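Chain by chain, the residues run as shown.
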There are 2 protein chains.
Amino acid sequence: MKIIETIEKVRREVQNAKSKGQTVGFVPTMGYLHEGHLSLIDEARKKHDIVVVSIFVNPLQFGPNEDLDRYPRDIERDERLANGAGADLLFYPSVDEMYPVEMPMTIHVNKGVDVLCGASRPGHFDGVATVVMKLFQIVQPTEAFFGQKDAQQVAIIMNMVSAFNIPVDIVICQTIREEDGLAKSSRNVYLSDGERNEASFLYRTLLYGKELIENGERIPQLVLDKMNTKLQSGSGKLDYLSILRYPSLDRPEELNGTIILAIAYQYKNARLIDNLILEI
Amino acid sequence: MKIIETIEKVRREVQNAKSKGQTVGFVPTMGYLHEGHLSLIDEARKKHDIVVVSIFVNPLQFGPNEDLDRYPRDIERDERLANGAGADLLFYPSVDEMYPVEMPMTIHVNKGVDVLCGASRPGHFDGVATVVMKLFQIVQPTEAFFGQKDAQQVAIIMNMVSAFNIPVDIVICQTIREEDGLAKSSRNVYLSDGERNEASFLYRTLLYGKELIENGERIPQLVLDKMNTKLQSGSGKLDYLSILRYPSLDRPEELNGTIILAIAYQYKNARLIDNLILEI
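Remember, it's a predicted structure, so these values are computed and weren't measured experimentally. Each residue is numbered by its place in its chain's sequence as written, counting from 1. For naming, the first written chain is A and the first written ligand is 1, with later ones following in the order written. The predicted origin of the model limits local features to residues at a pLDDT of at least 70 and limits the giving and counting of side-chain atom pairs to 80 or more, whereas totals for whole chains, interfaces and linings rest on all residues. Calculated side-chain values reflect all of the structure's heavy atoms, with hydrogen atoms and water omitted.

### Regarding the sheet that holds strand β8 (residues 237-245) of chain A
Residue and element names in this part refer to chain A. Taken together, three strands build an open sheet; the order of strands is β8-β9-β10 and the sheet is antiparallel. The outermost strands of the open sheet, each flanked by one partner alone, are β8 and β10 (271-279). Along the sheet, successive strands turn relative to each other by an average axial angle of 10°, direction set aside. Two strands form a pair only when DSSP identifies at least two bridges running between them. Counting from the N terminus, the helices are DSSP H or I runs at least four residues long and the strands are E runs at least two residues long. Where β8 meets strand β9 (residues 258-266), eight bridges bridge the pair, whose relative direction is antiparallel. Bridged to Tyr240 within β9 is Ala264. Throughout, a contact is declared for two residues whenever any of their heavy atoms are within 4.5 Å. Fitted lines through C-alpha atoms give the axes, limited to the stretch in contact for helices. The angle between two N-to-C directions lies from 0 to 180 degrees. In the packing of helix α8 (residues 201-214) onto the sheet, the strands contacted are β9 and β10, and the crossing angle to β9 comes to about 155°.

### Description of a nonpolar patch on the surface
Together, Met1(A), Ile3(A) and Tyr92(A) line one region of the surface with nonpolar side chains, adding up to about 230 Å² of accessible area. On the secondary structure map, Met1(A) appears in the segment before β1 (2-4). Residues forming no salt bridge and having over 30% relative accessible area are the ones grouped into patches, like charges within 9 Å of each other and nonpolar side chains (Val, Leu, Ile, Met, Phe, Trp, Tyr) within 5 Å. Surface accessibility follows the Shrake-Rupley procedure with a 1.4 Å probe radius. Residue values consider only the protein chains on display as shielding. The term salt bridge refers to a side-chain nitrogen of Lys or Arg lying within 4 Å of a carboxyl oxygen of Asp or Glu.

### Notes on the UniProt feature "binding site: beta-alanine" (unreviewed entry) in chain A
All names here are of chain A. UniProt positions are given in the numbering used here, feature names are shortened, and annotations may be inferred rather than shown by experiment. Residues annotated by UniProt as "binding site: beta-alanine" (unreviewed entry) correspond here to Gln61. Of note, Gln61 is situated in the loop between β3 (50-55) and α3 (75-85). Buried means the residue's accessible area, taken with a 1.4 Å probe over protein chains only, is under 20% of the maximum for its type, while exposed means over 50%, and partly exposed covers the values in between. On the basis of relative accessible area, Gln61 is assigned to the buried category, the value being 8%.

### A look at the domain arrangement of chain A
Where the parts come together, the accessible area they lose is often given as the size of the interface. All names here are of chain A. In this document the domain limits rely on a domain assignment from an automatic tool or a database. In terms of domains, chain A is made up of domain 1 (2-173) and domain 2 (186-279). For domain 1 versus domain 2, the distance between C-alpha centres works out to 26 Å. Contacts between domain 1 and domain 2 engage 17 residues on the former and 17 residues on the latter. The contact between domain 1 and domain 2 buries some 1,400 Å² in all, and 61% of this surface belongs to carbon and sulfur atoms. By definition, the buried area sums, over both parts, the 1.4 Å-probe accessible area that each loses when the two are put together. It is Leu116, Gln148 and Lys149 in domain 1 that bury the most area against domain 2; as a group they hold 35% of the surface buried on that side.

### A few points about the interface of chain B and chain A
At the junction of the two partners, chain B supplies 25 residues and chain A supplies 25 residues. With both sides pooled, the region where chain B packs onto chain A buries about 2,300 Å², and carbon together with sulfur makes up 63% of that total. Along the contact surface separating chain B from chain A lie zero salt bridges. Polar contacts, as used here, are pairs of N or O atoms within 3.5 Å; protein pairs need one atom able to donate a hydrogen and one able to accept it. Residues neighboring in sequence count only if both atoms are side-chain atoms. Seen at the junction of chain B and chain A, the total is 13 residue pairs in polar contact (both at pLDDT 80 or more). If you list the elements that add at least two residues to the side of chain B that touches chain A, you get α1 (7-19), β5 (105-109), α5 (124-139) and α6 (151-163) of chain B. Across the side of chain B that touches chain A, the residue classes tally to 14 nonpolar, eight polar and three charged. Classes in brief: Ala, Val, Leu, Ile, Met, Phe, Trp, Tyr, Cys and Pro nonpolar; Asp, Glu, Lys and Arg charged; the others, Gly included, polar.

This is how it looks when you write it as structure tokens:
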């Protein structure tokens with residue numbers, strides 16, 4: 001695996017591969033890799049000749065009160081893990097390489113940002129869209145791989161690809177779960193034993209909502225009310241429980257087409273998110 | 001010359017050419033072609049295997065009080081002219097093809113929009129940047145050709161290419177002029193005989209400013225004051241006279257590097273713009 005720090009060099013490597021007819025799978029990350037990321041690299045490895053992983057903690061998507069400086073980093077471990085999972089190129093640019101001057105323009109997201117995690121993070125998805133647009137232009141991959149766990153981010157990136165006609169295909173990979181169904185996350189280690197034992201009820205609640213819909217319930221509020229009742233038993237605090245169209249993130253009056261059931265739940269030292277996407 | 005109305009088809013044609021190692025020159029226009037556009041097509045023809053011209057009157061760059069519906073159109077004449085100038089593909093999409101749904105996100109330009117023509121057209125360059133980003137993603141040209149006459153537009157597009165690392169090179173083509181120096185424009189026909197005889201003083205004033213700087217003047221305001229005096233003799237009304245860094249469009253305290261002298265001048269039925277770009 002080559003470690004590359006400049007835009008010019010990663011572009012040259014990828015173009016070189018593409019000129020030989022090779023396909024390129026791309027996994028953009030902020031580093032501190034966990035099993036979710038590794039499953040994306042694995043999926044890209046299965047489908048493409050060349051796998052590019054990027055590690056860049058993007059300042060643009062952190063708000064003024066968010067802890068950019070304390071975001072966890074461990075590049076040596078990440079190198080080992082990315083290499084082990086089958087990456088060919090690790091693109092690891094500095095902030096100066098990505099933003100040599102203040103951005104004279106950014107992507108401004110108008111739709112799908114006032115719901116789910118976006119409601120409490122104004123400007124966050126502008127920063128995400130802007131850096132992903134840059135990374136797509138730099139790497140020019142055949143396909144890019146994202147985890148369904150970050151469903152709002154994936155929706156906005158799918159909408160961006162479609163809105164700007166970006167020549168890349170987006171692949172959504174399944175959320176990786178513990179045996180009891182809890183979605184894997186770096187944050188799970190911050191759960192107390194009691195919280196950890198309880199936490200899989202979030203996934204079970206999503207499955208319950210899915211079952212209600214599969215059994216014919218078509219009114220979003222009625223599904224939400226029943227799911228909410230289940231969530232009352234938890235020892236943490238519900239941040240949101242939502243049913244939206246996917247990937248438009250519009251609120252449905254009636255349930256049909258592709259929809260997402262999404263939960264964010266706050267424990268003492270960890271905020272957990274999870275979701276299911278359903279075709280009705 | 002092929003006339004193509006869909007994104008899918010123009011992309012297929014261009015990718016087919018690129019897969020054979022051919023280079024692609026791109027001239028984006030809003031149609032109603034004049035000699036300026038034809039000189040861009042001519043330049044692209046000299047340098048590239050395939051020349052793509054787009055004609056799309058972009059609703060996103062017209063303000064609510066601007067006359068999108070009355071913007072001049074003559075597609076039959078444009079087809080003839082583009083073909084005569086050597087275009088291979090004329091991409092002529094409908095508004096529905098370019099914007100099948102309302103854009104869920106757009107490019108928002110933060111810098112270089114409160115000066116020159118941008119000062120009186122809020123949001124205009126957001127619309128320009130957004131459609132040019134789409135066109136670049138659709139066509140994926142090797143080089144794109146723009147006329148220096150629209151210097152602010154070119155600056156913002158150059159800044160966009162740099163900010164988002166878009167893999168396209170921008171070529172700025174010289175302003176085409178009448179024998180007396182007046183910049184060619186579709187709008188010149190709206191000038192009265194007296195105005196037409198006078199109008200080349202705009203270009204002469206730019207040359208005068210250039211001479212002052214070449215003779216060693218480095219204080220922008222002193223150059224502007226002397227140019228302003230020259231412009232007093234005109235029968236129309238000065239809209240703006242500016243000296244800015246190029247392409248950043250920052251105001252310089254002292255003249256060095258690359259700068260632009262730019263004029264907009266209002267006659268009774270025509271607003272004329274012109275500029276010079278200088279290396280100091």
